[in-house]
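Each chain, written out:
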Amino acid sequence: MADTGEGKKEEADYKRLHSFPLIRHTDMPEEMRVEAMELCVTACEKYATNNESAAKMIKETMDKKFGSSWHVVIGEGFGFEITHEVKNLLYLFFGGSLAVCVWKCS
Amino acid sequence: MITCSVHSLCGILLPGVIRTPNKGINQQELNASTEVGEGADEWTLSKTLLKPPDQLELTEAELKEEVTRILTANNPHAPQNIVRYSFKERAYKPISFVDQLAIHFSLDGNLLLRDSDEGRRQSARIDLAPVASTVIEVEETEVKEEGSKEDIPAASAEEAAEGEEPPSHSMKEQKLTNQFNFCERASQTFNNPVRERACQMEPPPRATFSATANQWEIYDAYVEELHKLEKSKEKEKQKPLVAKKEDKLRGRKLTSLESQSDDVTKVTKAAKIVERMVNQNTFDDIAQDFKYFEDPADEYRDQEGTLLPLWKFQYDKAKRLAVTAICWNPKYKDLFAVGHGSYDFMKQSRGMLLLYTMKNPSFPEYIFSSESGIMCLDIHNDHPYLLVVGYYDGNVAIYNLKKSHSQPGYKSSAKSGKHTDPVWQVKWQKDDLDNNLNFFSISSDGRIVSWTLVKNELVHSDVIRLSVEGTTLEGPEGLQLQTIGCGTSFDFHKKIDSLFLIGTEEGKIYKCSKSYSSQFLDTFDAHHMAVDAVSWNPYHMKVFISCSSDWTVKIWDHTIKTPMFIFDLNSAVGDVAWAPYSSTIFAAVTTDGKAHVFDLSINKYEAICSQPVVAKKKNKITHVQFNPIYPIIIIGDDRGHVTCLKLSPNLRKMPKEKKGQEIQKGPEVEIAKLDKLLNLVREPANKPAK
C-alpha cells in the first residue's frame, strides 16, 4: 500500500514536472511559435476535460490570426501523418499526457 | 343680265372666258363665238391716231352711231335649243332651261371639311381632338416652349413635327421643341481597349509530417528534456572561464589578418608563378647545370672533385647580417631556411629569418624579422611548417609558416624561462606522450632546456646544467658554486633518442642522456677552443664529428676517448656536416672562405676538394648544409649571402655494392677496422693539410 502510495506520489510528481509545454517538432517562425504555444496552453487548461472544445478554440483563434485554414488535434494516444504548409506546423506535448498537433493546410 | 352702253371701247370679260390680251374684243366678236381678235370690228378709239392696218374703214357717220349693246349672263356658246326625246310623249321636246354655265377652269383640291365624315375619321386616326381655335394654341405652345427649355428635344421634335401637320395639335404636349431651335448633340468618349490579365500564384509549399502521440512517447520526451536542462546548467558554470581567453586570442588573430589583406592578394598566385618563370628564364643556365651538369673532368681527376657554384641567394635587408643558421626543409626539398644574426658581441642588431626556394633565387619566399639576432633554427620533421629559432637574447620562438603572421606563433619570455645567454642550438624532438611539440635548446648560460608546447604556451624544463668539472668553489655560506660551462652545440643520436652530445666553449664534448639530468655519461676533451659543431654520423651509430675554432675537424667513435681522425684546415672551422648519401663523406667550411669536402674512403688524410667559395677574402663562411636528395650544398657566409654549390661526381661516389651487405654500412665497417689499427699507431699530432 505504501508502495502504491509512493508510486502515486511519483506519478503526480512527474506530471507536475512534466507539465510544461514541450515542443516536439515545429517549423514555425519564432513569434508565431510563441503565440501558438501560449494559445494551446490556454486552451488546454481552460477545457481540461473537453479536448474538442479546446481544439475548437485553438483552431478558430489560429484562423483569425494567421489565416485559414488550420487543423488541430488534441489527444493522448494517436498517430498521424499530415501534409502541412511549410512553416506552419506545431507539435507539442503538454500536461504530461496531452499531445497537441496544430497545422495549416488550405 | 348686264346692259351697258358702250361708248367707247370696253372689254367685258365673261366668266369662263379667257381674255386674250392686245386684242380688241367686242360683243360682236363674242357673239360670233370664238372669233376673237380676227378682224377689228368697231374697235374705235377717239384718241387713237394709230390705225391698225386691218382696221375697218368706217365712215364718220357710222362712227358716231350709237350702238347699244346688251350684256347678258348667257353663255354665248351654250346651245339655245336643246331638244331631248321624251319617251312619254314619244316626241322630241325642247329643254326649257339650258345650262348657261361655262366653266373656264377647275382644279381639285384636297381640303376636307372637318366635320365631314372623312375629316372626322382622319382626325380620329391622328388622335387629335377637333378644336376650333387651333392656330392660337399653336402659337401659345410655341411661346411656352421657348420659355422653358427642359423638354426632351426628341419628344418635342416629334411633337413639333406633328404640330406642323396643320389640323393636329394637342394640348397635352406642353414641351415642344422644333428642329430649328434645338438640335441633337451626342458624343462618345474613347473607350480604352480591353486587356486580359491573369496571374497564377504558386501555392504555399507543403510538407508532410507524421508522428505518434503515446503516453510513453510523451513521458520519454519530458524525461529527455529535463536531462538536457540539467546538463546545460552544468555547462554554464564551466563556460565563462574558458570563453574569455579564447576571445582574446581570436581577436588578435583577426586584426592581424585584416590588416594584411590587399587587392594584390588576389593576384598572388598568378604573380608567384610568373615570378618563378621569370627567374627560371633568367637563371636558365644555372638551372640546367643544377639538373644535368656533371663535370666530365672528374673522370680524369681520380681523387679530386669540384664544387660548381650555382645560385646565390641574398636579400637586401639581410645584407649586413651574417648567416647564422641554415636548414633544409624535410618535406619540400627545394626550400631552406636561413637565419640571420650577428656573431659580433659588440654589434648586435636585429635578426631575420628567411626561407628561400631554389625555384626563386632572387627573393625569399618567407620573411620574418625579429628584434634580436637569430642564432639557430630547426625545422620540424613531421610538421614542415614549424620552425623553432633561438635568439641572441636567449629567447626561443616557434614560427608557423601556415599562418601569415610576421611574428612567431609562440615565444618564450623572461617569465617562461628563457636563456640568459645566446641560444646556440635548437633541435626539435619527437612529440612527447601528450602529443605536444617539444624541442631542446642549448645556450651559453650552461642550461640545456627542453621546451614543450602545452596549450598554446611554451613550458620549459631544464634538462641539464652544464658544469665545469673540477672547478667547484666553496661559496661563503658553504654553497657549492660551480662554474657553469657554456654549451655551443649539440646533436641528438639518430637512433637512440635519449643520447645526445654537447659541445662546449671550453672545447669539451659531453655525451649525455635525457634520463640523467645531473651527470654526463662521458666527456671528451675534444678541442682547445670552443666546439662549433658536433654531428652524429647518419649511418654509423658510433661515429660523430666535431669541429672547432682551433682549426681542426675531428672524427670520433664515442666509445673511444681519442679521435680517430683529425684534420687541420688552416683556418677556423665554422661548420661541418655529414653527407646524407654516404657515411664517409663530409664537408667543412672555414673562415677563410673555403669549403672542404672529405671522403674517407678515398683519402683518409686530405680533402678531396678544397675550394674557395666566397668571393671576397674577408668573407667568412659560417655554415654548411647538404641537401637531403640533390647533390648540392648550401653555404652561408657572414655577409648574409647563401651560395649553392653542386657536388661533382667524384664527391658523390657511392661505395661499391657488396653482396650480402648493406651499402651504407659497408665502408664504415672498413673504416672501423682501419681505426682500430691506426689508433694504436697513430700520432696525436695534427697532420699538415694542403
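About the criteria used
Residues numbered from 1 in each chain as written. Chains lettered and ligands numbered in written order. Predicted model: local features only at pLDDT ≥ 70, side-chain atom pairs only at ≥ 80, totals over all residues. Heavy atoms only, no water. UniProt positions renumbered as here; feature names shortened; annotations may be inferred. Helix = DSSP H or I, 4+ residues; strand = E, 2+ residues; numbered from the N terminus. Contact = heavy atoms within 4.5 Å. Areas by Shrake-Rupley, 256 points an atom, 1.4 Å probe, with all protein chains shown as cover. Expected span 1.5 Å × (residues − 1). Buried < 20%, exposed > 50% of the residue type's maximum accessible area, 1.4 Å probe, protein only. Salt bridge = Lys/Arg side-chain N within 4 Å of Asp/Glu carboxyl O. Pairing = 2+ DSSP bridges. Axes fitted to C-alpha atoms, helices over the stretch in contact; angles between N-to-C directions. Parallel < 35°, antiparallel > 145°, perpendicular 65-115°, else oblique. Left-handed = near helix turned anticlockwise from the far one by under 90°. 1 Å grid on protein atoms, 1.4 Å probe; cavity = no way out; pocket = protein on both sides within 12 Å on 5 of 7 lines; lining within 4 Å. Points joined across faces, edges and corners; volume = space filled by probe spheres on them. Nonpolar A, V, L, I, M, F, W, Y, C, P; charged D, E, K, R; others polar. Patch = residues over 30% accessible without salt bridge, like charges linked within 9 Å, V, L, I, M, F, W, Y side chains within 5 Å. Phe/Tyr/Trp six-rings, centres within 6.5 Å; stacked < 30°, edge-to-face > 60°. Lys NZ or Arg CZ within 6 Å of the ring centre and 35° of its normal. Disulfide = S-S within 2.5 Å. pLDDT = per-residue confidence, 0-100. Buried area = accessible area lost by both parts, 1.4 Å probe. Polar contact = N/O pair within 3.5 Å; in protein donor to acceptor, adjacent residues only side chain to side chain.

The name given to chain B in an unreviewed UniProt entry is Dynein axonemal intermediate chain 1, with Chelydra serpentina as the source organism. We quote the UniProt Function (unreviewed entry) comment for chain B here in full: "Part of the dynein complex of respiratory cilia." Its UniProt record, at the heading Subcellular location (unreviewed entry), says of chain B: "Cytoplasm, Cytoskeleton, Cilium axoneme".

Identification of chain A as Dynein light chain from Chelydra serpentina is taken from an unreviewed UniProt entry. Turning to chain A, the UniProt record has this under Subunit (unreviewed entry): "Consists of at least two heavy chains and a number of intermediate and light chains." As stated in UniProt under Subcellular location (unreviewed entry), the record for chain A gives "Cytoplasm, Cytoskeleton, Cilium axoneme".

Asker: Quick question: what am I supposed to make of the overall build of chain A here?
Answerer: On a plain count of helices and strands, chain A comes out with 3 helices and 5 strands. When contacts within chain A are restricted to residue pairs at least 6 apart in sequence, long-range pairs at least 24 apart make up 56% of them. When the accessible surface of chain A is totalled, it reaches about 5,900 Å², and 51% of it is carbon and sulfur.

Asker: Help me understand helix H2 (residues 30–46) of chain A, please; the structure alone is not making it clear to me.
Answerer: Side chains of residues three or four places apart in an α-helix project in the same direction, reflecting 3.6 residues per turn. Residues and elements named next belong to chain A. Here H2 is 17 residues long and its end C-alpha atoms lie 24 Å apart, about the 24 Å a rise of 1.5 Å per residue gives. Restricting attention to buried positions, one finds in H2 the residues Met32, Ala36, Leu39, Cys40, Val41, Ala43 and Cys44. On its buried side, H2 packs onto helix H3 (51–66), strand S2 (70–75), strand S4 (89–94) and strand S5 (98–104).

Asker: Even after reading the chapter, I still don't get the pattern of salt bridges, so can you show me in this structure?
Answerer: Close approach of charged atoms lets side chains of opposite charge pair. Under the criterion given, the structure shown has 14 salt bridges over all chains. One salt bridge in this structure joins A:Arg24 and B:Glu217, with 3.1 Å as the shortest N-O distance. Taken together, the residues A:Arg24 in strand S1 (residues 22–26) and B:Glu217 in helix H6 (residues 215–260) connect one chain to another. For A:Arg24, a relative accessible area of 41% puts it in the partly exposed group. The shortest N-O distance in the salt bridge between B:Glu365 and B:Arg276 comes to 3.2 Å. Placement of B:Glu365 in the loop between strand S9 (351–357) and strand S10 (366–370) and of B:Arg276 in helix H7 (residues 268–282) is noted, with a sequence separation of 89 residues between them. Residue classification places B:Glu365 among the partly exposed residues on the basis of a relative accessible area of 22%. Taken together, the shared-partner salt bridges connect B:Lys272, B:Arg276 and B:Glu365 into one network.

Asker: Explain the sheet that holds strand S12 (residues 386–391) of chain B to me, please; I cannot follow it from the model alone.
Answerer: Residue and element names in this part refer to chain B. In space, the 4 strands of this open sheet follow the order S11-S12-S13-S14, with antiparallel pairing throughout. Of all the strands in the sheet, just strand S11 (374–379) and strand S14 (410–411) have a single pairing partner and so form its edges. One ladder, built from 5 bridges, connects S11 with S12; its direction is antiparallel. Along S12, the bridge assignment pairs Ile374 with Tyr391.

Asker: Would you take a moment to explain the packing of H2(A) against H3(A) for this structure?
Answerer: Helix packing for two helices is described by the angle between their axes and how far apart those axes are. Residues and elements named next belong to chain A. With their axes 8 Å apart at the nearest point, H2 and H3 run at an angle of 150 degrees to one another. In terms of their interaxial angle, H2 and H3 are classed as roughly antiparallel. Crossing geometry of H2 relative to H3 is assigned as right-handed. Contacts from Met32, Glu35, Ala36, Leu39, Cys40, Thr42, Ala43, Cys44 and Lys46 in H2 reach Ala54, Met57, Ile58, Thr61, Met62, Lys65 and Phe66 in H3.

Asker: Teacher, can you tell me more about empty space enclosed by the protein here?
Answerer: In this approach the atoms are scanned with a rolling probe the size of a water molecule, which exposes any empty space left behind. Residue and element names in this part refer to chain B. Tallied over the full model, the rule gives 1 cavity of 30 Å³ or more. Of the pockets and cavities examined, the largest cavity occupies roughly 40 Å³. In this structure, the largest cavity is lined by Phe293, Glu294, Asp295, Thr306, Leu308, Lys646, Leu647, Ser648 and Pro649. Each residue belonging to the lining of the largest cavity can be placed in one class, and the counts come to 4 nonpolar, 2 polar and 3 charged.

Asker: Could you clarify how one ought to interpret the UniProt feature "repeat: WD" (unreviewed entry) in chain B in this entry?
Answerer: Summarizing the sequence annotation, UniProt attributes the feature "repeat: WD" (unreviewed entry) to residues 524–557 of chain B in the numbering used throughout. The span residues 524–557 of chain B is 0% helical and 59% strand by assignment, and the distance between its end C-alpha atoms comes to 11 Å.

Asker: I would appreciate a short explanation of a nonpolar patch on the surface in the present structure.
Answerer: Side chains of B:Val83, B:Tyr85, B:Phe87 and B:Tyr92 sit close together on the surface and give an oily, nonpolar patch of about 490 Å² of accessible area. Among the structural elements, B:Tyr92 can be located in strand S4 (residues 91–94).

Asker: Before we go on, may I ask you to explain the side chain of B:Ser450 in this structure?
Answerer: Looking at the secondary structure, you find B:Ser450 in strand S17 (residues 447–454). Apart from the residues lying within four places of it in its own chain, the contact partners of B:Ser450 are B:Asn438, B:Phe439, B:Phe440, B:Val459, B:His460, B:Ser461 and B:Val463.

Asker: I keep staring at the side chain of B:Thr590 and nothing clicks. Help me out?
Answerer: Residues and elements named next belong to chain B. Its location among the elements puts Thr590 in strand S30 (residues 585–590). Thr590 gets classed as buried once you look at its relative accessible area, which sits at 0%. Setting aside its immediate chain neighbours within four residues, Thr590 contacts Leu569, Ser571, Ala572, Val573, Gly574, His596 and Ile621.

Asker: Which parts of the structure should I look at to understand the sheet that holds strand S21 (residues 487–492) of chain B?
Answerer: The strands making up a sheet associate through hydrogen bonds between their backbones, and the pairing can be parallel or antiparallel. Residues and elements named next belong to chain B. Read across the open sheet, the 4 strands follow the order S21-S22-S23-S24; overall the sheet is antiparallel. The open sheet terminates on both sides in strands that have one partner only, identified here as S21 and strand S24 (522–525). Neighbouring strand axes in the sheet, compared pairwise and without regard to direction, differ in orientation by 20 degrees on average. Direction of pairing for strand S23 (residues 508–513) relative to S24: antiparallel, over a ladder of 4 bridges. Residue pairing in the sheet places Ile509 in a bridge with Phe524 of S24.

Asker: How should the packing of aromatic side chains be read in this particular structure?
Answerer: The geometry of two aromatic rings is summed up by the distance between their centres and the angle between their planes. Residue and element names in this part refer to chain B. Enumeration over the complete set of coordinates arrives at 35 aromatic pairs over all chains. Taking the centre distance of 5.5 Å and the plane angle of 70 degrees together, the rings of Phe524 and Phe544 count as edge-to-face. Taken together, the residues Phe524 in strand S24 and Phe544 in strand S26 (residues 543–548) connect sequence positions 20 residues apart. Residues Phe524 and Phe544 agree in their burial class; the two are buried. By the ring-pair criterion, three or more aromatic residues cluster together here, those being Phe290, Trp311, Phe313, Trp328, Phe336, Tyr356 and Tyr630. If you follow Lys561 out to its NZ or CZ, it ends over the ring of Phe524, 5.7 Å from the centre.

Asker: Looking at this model, I keep getting lost on the state of the cysteines. Mind explaining?
Answerer: Here a disulfide denotes one covalent bond, and it connects the sulfur atoms of two cysteines. Residue and element names in this part refer to chain A. Counted under the stated rule, the structure contains 0 disulfides over all chains. Note on Cys101: no disulfide assigned, nearest cysteine sulfur contributed by Cys40 at a separation of 9.6 Å. The class for Cys101 is buried, based on a relative accessible area of 0%.

Asker: Just to check I follow, could you spell out the confidence of the model for chain B for this structure?
Answerer: For residues with low pLDDT, the predicted coordinates do not support detailed interpretation. Residue and element names in this part refer to chain B. On average, residues of chain B carry a pLDDT of 75, and 74% of them reach 70 or more. Of the regions scoring below 50 in pLDDT, residues 1–39 engages in 62 contacts with residues more than four places distant in sequence or in other chains. The low-confidence segment residues 253–260 (pLDDT under 50) makes 7 contacts with residues lying over four places distant or belonging to another chain. Scoring of the predicted complex yields 0.51 for pTM and 0.85 for ipTM.

Asker: Sorry if this is basic, but what is going on with the interface of chain B and chain A here?
Answerer: Interface extent is often summarised as the accessible area lost during association of the parts. With 20 residues of chain B at the interface, the matching set in chain A holds 31 residues. Buried area between chain B and chain A, both sides added, is near 2,200 Å², and the carbon and sulfur share of it is 63%. On the chain B side of the contact with chain A, B:Arg206, B:Phe209 and B:Tyr222 bury the most area, a combined 33% of that side's loss. Inspection of the chain B/chain A interface yields 1 salt bridge. The interface formed by chain B and chain A contains 13 residue pairs in polar contact (both at pLDDT 80 or more). The class makeup of the residues in the side of chain B that touches chain A is 12 nonpolar, 5 polar and 3 charged. As paired elements, strand S3 (residues 78–85) of chain A and strand S5 (residues 206–213) of chain B share 8 bridges and run antiparallel to each other.

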